[in-house]
Amino acid sequence: MSARLLPSIRQRLSRMLGGIALAWGLGMTAGVGLLTHEVLDNLLDGALRESAEILYGLVAVADGDSHAAPEGMLPAPPHQENLVWQLVDRQGHVVLRSHKAPQARLTDRQQEGFTGDALGAWHVFTLPMRNGQSVLHVAQREDTRRATMWLAMGASVGLTLLLGLSAAWWLNRGLRRELQPLLDLSNEVAELEPLHPQAPGLTATRTELQPLVDAIASLTQRLAQRVAHERALAAHAAHALRTPLAGMDAQLAVALKEAPPQLQPRLTQTREAAARLRRVVTALITLFRTGGDLQWQDTSVSALLQRLPLKDAVVQAGGTDVLPCDPDLLSAALSNLLDNAVRHGARHIEVTGAIAEGQVRLRLQDDGSGMPAEQCRVLQQALDAQGPQEGLGLGLTLADMVARTHGGRLRLRVPDNGIGAVVELC
Amino acid sequence: MKLLLLEDDPILGEGLRDFLQAEGHVVDWAPRLLDARCLLSAQHDALLVDWQLPDGSGLDWVRSLRRQQDKRPMLMLTARDLLKDRIDGLASGADDYLVKPFEPEELLARLHAVHRRTAGAPDGRKRVGDVDIDLQARGVWLRQGERLERIELTAREWQLLEALVNRSGRIVEKAALEELIGSDGSAHSNVIEVHIANLRRKLGRGLIETVRGLGYRVPAEG
C-alpha cells in the first residue's frame, strides 16, 4: 500500500517543542539582553563615579600641581588605559590629565553628572572641585562599554539558546522513545494471524495502549469467527453444489449418447454451458473457502494450464518456469479468463508468466474481438473501485479477487496493434 | 468390467450407471452403504465409492476392504477437495481420488488407467496365444503368420471376453459369467454357451478352455 501523507504525531510534537524552545530562547535572549545592558550600564557608571571620587581626593591633595606634568599630562609607563580623566579650569583649559586622555576638554559640562563628548566617543562623568576653580572629568570610551555589553549579552544569549536546544533535543528523544511502543504494536498487528488460533496475541507495554490492544483483540476475534462461519458455509455449499453439477454432466453425457442426431448440437451446447457453470462454481468455492489464506506453491504456466480444459482455442504457455502462487486459485482465475477470451472469439491465446519486483505477473493476450479503449477504461475503473459495473462479468471480478489475494490486481489493456485484448494479473 | 457404484445422489448415480453401461460395463448401483455391502461380490472388477453417504463413510468402507486384502481397483468420488481430504482418501487405500464435479469421461479414463495398472497391462494390451486384446481400445486381433487381422465382436462377446481375460488363468463359473455380462441367469439359458461358441469360431478354439463341471478359463498371458 502506498504511504499517504498523513500528519505525524512525532513530527507535530517535535515542531511544537522546537517552537516552544525557540520562543523561550528568543524571550530569554531579549530579557537577558535588556537586563544585562541595564546592569552593566549601572555597573560601569558606578565604577566611573567611584573612580572620579577617588581622583577627586587625590587632585584636591595635590592641589592642581601641574609642574611635573608637561602639557598637563602625568607621566606613566606604557599601558592600556580604559579609563581617562581631565582636570579642567574655569577657562576650559586642561590643567591635568591622564596619559591617554585627549588634550582638549572632553565636555564643557560644569555640574556633577554623566554626559557624552561632542563626537560621541566618550562617556563622561563630571565632578566639580571643591574650590570651584576647576572640574574633574572621568571618561570611558563608548566602544569599550559597547564591546563589554555585547560580550556579556552574547554569552548570556548563547548559553540560553544552548540550554533551550538541549532541552528540545532531550524532549524529542524522550518523545521518540515513548512513541516506540506504538510502532512496535503496529508491527505486531501487521504480523498478526487472526485466523490461526495458536498465533501469539498482542501485548500492551503502556497503559495508554491497553484500550487499543483490547479493541484489536476483539476485532480479530470477531473476524476469526466470521471467517470460520463462512468457511463452514462454503464447505456445505461445496458439497451441495458439486454433486448436482457432476450429476447434471453425467446425465447430459448419457443423453448425448442416446439422443437422435438432430438433438446432439443442442445437448452439446447445454453440456458446454454446464461445464462453464461447473468451472465458475468451482472457482467461487475455491476462492471463498480459502478466505485469503493462500496455499503457496511453486508452479509454472504449463502446469496451471494442464489443470484446465482447453478445447476451443490454442493456448500457448511461456515465461518463467517457477511461479510462486496458489495454483488452485490461479488456475480458477485463468479458467474464467480463458472462457471470457473464447466467448469473445479468441482462437489463439498466449499466457506468459513472470516475476517482477518479487510479484507474480501473469499476462494473457488473445486474438479475439477485444474491446474499445473507452470500454477498457470503464471496466478498469470498475475493477479498481471494486464496485458493481455493467459489463464487468463474474469472470473478470473473480480473476481480480484472485489477483488481490495474491497482493496484486487485474489490469486490462488494449494491445498496441488493436487486435484482441490483454489481461494482466500482477 | 463389472463395477460397483456407491453413490447416494440419484441424479449422479443414475447418470453414471447409464453412462458406464453405455460404455459396455456392467454396473451395480448402490445408493447406500448397506446396499453396497449386500451387492458386493467377487465378480466386481472395480469399486467406485462416494465418501459421504447417508448411512456411513465410504472412506471407512474402502479402508475395511483393504484390511480384508481386497485388491480390486477402488476410486473415491467425492465433493471434498481439500489437500488433507485427498491425502486421507488415498491413504485409506483408494487407487484414485476424483473430486466432484467431474466429467464422466474422465472417470472412465481414470478407471481404465487404474484397471490397466492392477491387471498388469500398463499399455492396456494382453496377448493370449495368437490373440491380441486391447482392453483400452476394445479391439481384438488374430495373429495369422506375420499378419494381424482385426476381429469384430458384438458387445456381449466383448463383455464375455473381457471378463475372462481379466481373470486369465482362473476358472470362471457360468453363473458368474452370466452375472458379469448382466444376463438374466435363468436356469435354461444357453446365452453363455452361444457366445462362447461364437468367440471360439472367431478367435480359435484354443483361446477359451472349458473346464467340465466348473466353468471356463482363458490361459494366462503368453
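Throughout, residues of each chain are indexed from 1 in the direction in which the sequence is written. Each chain takes a letter, starting from A, and each ligand takes a number, starting from 1, following the order in which they are written. The predicted origin of the model limits local features to residues at a pLDDT of at least 70 and limits the giving and counting of side-chain atom pairs to 80 or more, whereas totals for whole chains, interfaces and linings rest on all residues.

Enquirer: I would appreciate a short explanation of the overall build of chain A in the present structure.
Expert: Looking only at helices and strands, one finds eight helices and 12 strands in chain A. In this scheme every C-beta is placed from the backbone, and a residue whose C-beta has 20 or more other C-beta atoms within 10 Å is buried, one with 12 or fewer is exposed, and one in between is partly exposed. Taken across its 426 residues, chain A has 22% of its residues classed as buried. The contact criterion used here is simple: two residues whose C-beta atoms, placed from the backbone, lie within 7 Å are in contact. Taking the intrachain contacts of chain A between residues at least 6 apart in sequence as the baseline, contacts between residues at least 24 apart amount to 63%. Only DSSP runs of H or I covering at least 4 residues are called helices, and only runs of E covering at least 2 are called strands; the numbering of each starts at the N terminus.

Enquirer: Can you help me understand the overall build of chain B in this one?
Expert: Summing up its helical and strand segments, chain B has eight helices and 13 strands in all. For chain B, with 222 residues in total, the buried portion stands at 40%. Excluding contacts between residues fewer than 6 apart, the proportion of contacts in chain B whose partners are at least 24 apart in sequence is 53%.

Enquirer: Honestly, the interface of chain B and chain A in this entry has me stumped. Any pointers?
Expert: Taken together, the 16 residues of chain B in the interface contact 15 residues of chain A. With seven residues, helix 1 (residues 10-22) of chain B is the largest single contributor of residues to the side of chain B that touches chain A. Each residue gets one label: Ala, Val, Leu, Ile, Met, Phe, Trp, Tyr, Cys and Pro are nonpolar, Asp, Glu, Lys and Arg are charged, and the others, such as Gly, are polar. Residue composition of the side of chain B that touches chain A, grouped by class: nine nonpolar, two polar and five charged.

Enquirer: Whenever I open this one, the sheet that holds strand 11 (residues 147-151) of chain B confuses me. Can you help?
Expert: What holds strands together in a sheet is hydrogen bonding between their backbones, with the strands either parallel or antiparallel. All names here are of chain B. Taking strand neighbours across the sheet as the criterion, the four strands line up as 8-9-10-11 in an open arrangement whose pairing is antiparallel. Looking at the sheet topology across the chains shown, the edges are occupied by strand 8 (125-128) and strand 11. Going across the sheet, the axis of each strand differs from the next one's by a mean of 25°, ignoring polarity. Should DSSP find at least two bridges between two strands, the strands are taken to pair. Note that strand 9 (residues 131-134) and strand 10 (residues 139-144) share four bridges and pair antiparallel. Bridge pairing in strand 10 places V131 opposite L142. All axes are obtained by fitting lines to C-alpha atoms, using only the stretch in contact for helices, and the reported angles, taken between N-to-C directions, cover 0 to 180 degrees.

Enquirer: Looking at this model, I keep getting lost on unusual backbone geometry. Mind explaining?
Expert: Negative phi values dominate among residues other than glycine, just as trans dominates among peptide bonds. Residue and element names in this part refer to chain B. A cis geometry characterises the amide bond from K100 onward to P101, with omega recorded as -5°. Tracing the chain through its elements places P101 in the loop between strand 7 (96-99) and helix 5 (104-118). Phi angles above zero are rare outside glycine, and R138 is one such case at about 60°. Position of R138 relative to the elements: it lies in the loop between strand 9 and strand 10.

Enquirer: Mind showing me how you'd approach the packing of helix 1 (residues 9-62) of chain A against helix 2 (residues 142-190) of chain A here?
Expert: Each pair of packed helices can be summarised by the angle the axes make with each other and by the distance between the axes. Residues and elements named next belong to chain A. Between helix 1 and helix 2, whose axes approach to 8 Å, the crossing angle comes to 160°. The orientation of helix 1 with respect to helix 2, classified from their angle, is roughly antiparallel. Relative to helix 2, the crossing made by helix 1 is right-handed. A per-class count over the contact of helix 1 with helix 2 returns 20 nonpolar, 12 polar and three charged. Angle categories: roughly parallel below 35 degrees, roughly antiparallel above 145, roughly perpendicular from 65 to 115, and oblique for all the rest. The crossing is said to be left-handed when, going from far helix to near helix, the turn is anticlockwise and less than a right angle, and right-handed when the turn is clockwise.

Enquirer: Which parts of the structure should I look at to understand the nonpolar core?
Expert: Proteins that are soluble and globular tend to have nonpolar side chains buried together. Here, a nonpolar core means buried Ala, Val, Leu, Ile, Met, Phe, Trp, Tyr and Cys residues linked by C-beta atoms lying within 7 Å of one another. In terms of nonpolar packing, the biggest core is built from 63 residues, with B:L3, B:L5, B:L6, B:L48, B:V49, B:L164 and B:L177 touching the most fellow members. Among the elements that take part in this core, helix 3 (residues 210-258) of chain A stands out by supplying seven residues, more than any other. The domain limits used here are those given by an automatic or database domain assignment. The residues that make up this core include at least three from each of domain 1 (2-118) and domain 2 (125-217) of chain B. Beyond its immediate chain neighbours, meaning those up to four positions away, B:L6 contacts B:A30, B:L33, B:A36, B:L48, B:V49, B:D50, B:L53 and B:G58. Among the nonpolar cores identified, the runner-up in size contains 32 residues, and A:L287, A:A332, A:L334 and A:A403 belong to it.

Enquirer: Explain the sheet that holds strand 2 (residues 94-97) of chain A here, please?
Expert: Residues and elements named next belong to chain A. As summarised here, the arrangement of the five strands in space is 2-1-5-4-3, forming an open sheet in which the pairing is antiparallel. The outermost strands of the open sheet, each flanked by one partner alone, are strand 2 and strand 3 (113-116). For this sheet, the mean inter-axis angle between neighbouring strands, taken without regard to orientation, is 25°. Relative to strand 2, strand 1 (residues 83-89) is paired through three bridges, and the arrangement is antiparallel. When the sheet's bridge partners are listed, V88 is paired in strand 2 with V94. Contacting strand 1, strand 2, strand 3, strand 4 (122-128) and strand 5 (134-141), helix 1 runs over the sheet at an angle of about 145° to strand 5. Contacting strand 4 and strand 5, helix 2 runs over the sheet at an angle of about 45° to strand 5.

Enquirer: Would you take a moment to explain the pairing of strand 5 of chain A for this structure?
Expert: For a regular strand, the rule is simple: side chains alternate between the two faces of the sheet. Along strand 5 of chain A, seven of the eight residues are buried, which leaves the element largely enclosed by surrounding structure. The loop that links strand 4 of chain A with its antiparallel partner strand 5 of chain A comprises five residues; one of these, A:G132, has a positive phi angle of about 75°.

Enquirer: Explain the confidence of the model for chain A here, please?
Expert: Do not read the fine detail of predicted coordinates wherever pLDDT is low. The predictor's confidence in any single residue is recorded as pLDDT, a number from 0 to 100. Residues at a pLDDT of 70 or more form 93% of chain A, whose mean pLDDT is 83. Averaged over each element, pLDDT in chain A is lowest for strand 12 (residues 422-425) of chain A (79) and highest for strand 4 of chain A (92).

Enquirer: Help me understand the packing of helix 6 (residues 155-166) of chain B against helix 8 (residues 191-203) of chain B in this model?
Expert: Residue and element names in this part refer to chain B. The contact between helix 6 and helix 8 brings their axes to 10 Å, and the two run at 85°. When the axes of helix 6 and helix 8 are compared, the pair comes out roughly perpendicular. Contacts between helix 6 and helix 8 pair R156, E157, L160 and L161 from the former with H195, N198 and L199 from the latter. Residues belonging to the contact of helix 6 with helix 8 are distributed by class as follows: three nonpolar, two polar and two charged.

Enquirer: I keep staring at the environment of B:K202 and nothing clicks. Help me out?
Expert: Residues and elements named next belong to chain B. Among the structural elements, K202 can be located in helix 8. For K202, a count of 17 C-beta atoms within 10 Å puts it in the partly exposed group. Considered as a pair, K202 and I151 are 51 residues apart in the sequence and their alpha carbons are 7.1 Å apart. Contacts of K202, omitting those with residues within four sequence positions, involve I151 and L153.

Enquirer: How should I be thinking about the environment of B:P10 in this particular structure?
Expert: For B:P10, the location among the structural elements is in helix 1. Expressed as a C-alpha distance, the spacing of B:P10 and B:A30, which sit 20 residues apart in the sequence, is 9.9 Å.

Enquirer: How should I be thinking about the environment of A:L396 in this particular structure?
Expert: Residues and elements named next belong to chain A. Mapped onto the fold, L396 is located in helix 8 (residues 394-405). The spacing of L396 and N336 is 60 residues in sequence and 7.5 Å in space, taken between C-alpha atoms. Other than its neighbours up to four places away in sequence, L396 contacts N340, L379, L383 and L410.

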